[in-house]
Amino acid sequence: MAIKITDECINCGACEPECPNNAIYEGGVEWALADGTTVKGSFSLMDGSTMDADQRNAPMSVDTYYIVPNKCTECQGFHEEPQCAAVCPVDCCVPDEMYQETVDELMAKKDKLHV
């Protein structure tokens, strides 16, 4: 499953540079699938819809850092554990129960993001 950042986030920013998929954004910052990935053109999202990889999207949070679920692979294929959770000083990077994914699904997502 993807990781989410809870309201306990203190906005320290420790997590953002650790993400190999560039899935973590500062509150209020727009995001795109192409940011930090090799994705180009049309991309299929987890819900089956499609989006242009370069499309700028509204921030998912204005006040705290946030993780884009369609880009989060829990660091599968890169590290043994989610790096955001490993470096978070207040333990606010936790599994997002809304996005249940197997290791195989996370690895497939990683392969789509980094061709």
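Conventions we followed
- Residues numbered from 1 in each chain as written.
- Predicted model: local features only at pLDDT ≥ 70, side-chain atom pairs only at ≥ 80, totals over all residues.
- Heavy atoms only, no water.
- Helix = DSSP H or I, 4+ residues; strand = E, 2+ residues; numbered from the N terminus.
- Rg over C-alpha atoms; globule rule 2.2 N^0.38 Å.
- Buried < 20%, exposed > 50% of the residue type's maximum accessible area, 1.4 Å probe, protein only.
- Contact = heavy atoms within 4.5 Å.
- Areas by Shrake-Rupley, 256 points an atom, 1.4 Å probe, with all protein chains shown as cover.
- Lys, Arg positive; Asp, Glu negative; His and termini not counted.
- Charge placed at Lys NZ, Arg CZ, Asp CG, Glu CD.
- Core = buried A, V, L, I, M, F, W, Y, C linked by side-chain atoms within 4.5 Å.
- Salt bridge = Lys/Arg side-chain N within 4 Å of Asp/Glu carboxyl O.
- Arc of directions from axis to C-beta.

An unreviewed UniProt entry lists the protein under the name 4Fe-4S dicluster domain-containing protein, with Chitinophaga horti as the source organism.

Thoughts on the overall build of the protein
When helices and strands are counted, the protein shows two helices and six strands. Going from the N terminus to the C terminus, the protein shows its helices and strands as β-β-β-β-β-α-β-α. At 13 Å, the protein has a C-alpha radius of gyration in line with the 13 Å of a compact globule built from 115 residues. Seen through its principal axes, the protein has C-alpha atoms that stretch 35 × 30 × 25 Å. By the burial criterion, 43% of the 115 residues in the protein qualify as buried. Partitioning the contacts of the protein with sequence separation of at least 6, the portion at a separation of at least 24 is 73%. Summed over all atoms, the accessible surface of the protein reaches about 6100 Å², with 49% contributed by carbon and sulfur. Computed over 7 positive and 21 negative side-chain charges, the separation of the two mean positions in the protein equals 8 Å.

Here we look at the nonpolar core
If you look at the biggest cluster of nonpolar residues, it comprises 15 residues, and the most contacted ones within it are Ile5, Cys15, Ile24, Ile67, Cys84 and Cys93. Listed in part, the 12 residues of the second largest apolar core include Leu33, Ala34, Met51 and Val68.

A closer look at the side chain of glutamine 83
Residue placement: glutamine 83 occurs in helix H1 (residues 83-87). Discounting residues that sit within four places of it in the chain, glutamine 83 has contacts with Glu18 and Cys75.

Quick notes on the pattern of salt bridges
In total, this model carries four salt bridges according to the counting rule given. With a closest N to O distance of 2.9 Å, arginine 56 and aspartate 35 form a salt bridge. Of the two residues, arginine 56 sits in the loop between strand S4 (50-52) and strand S5 (66-67) while aspartate 35 sits in the loop between strand S2 (24-25) and strand S3 (42-44), which places them 21 residues apart along the sequence. A relative accessible area of 19% means that aspartate 35 is categorised as buried. Between aspartate 111 and lysine 110 there is a salt bridge, with its nearest N and O atoms 3.8 Å apart. Classification of lysine 110 by relative accessible area gives buried; the value is 16%.

Here we look at the environment of methionine 107
Locating methionine 107 in the fold gives a position in helix H2 (residues 103-113). Overall, the relative accessible area of 28% leaves methionine 107 in the partly exposed class. For methionine 107 and threonine 73, which are 34 residues apart along the polypeptide, the C-alpha to C-alpha distance reads 7.1 Å. Those residues within four positions of methionine 107 in sequence are excluded, and the remaining contacts are Gln76 and Gly77.

Regarding H2
Buried residues of H2: Leu106, Lys109, Lys110 and Leu113, and no others. Each buried residue of H2 lies within a common arc of 100° when the element is viewed along its axis, so the set occupies one face. For H2, the elements touching its buried residues are S3.

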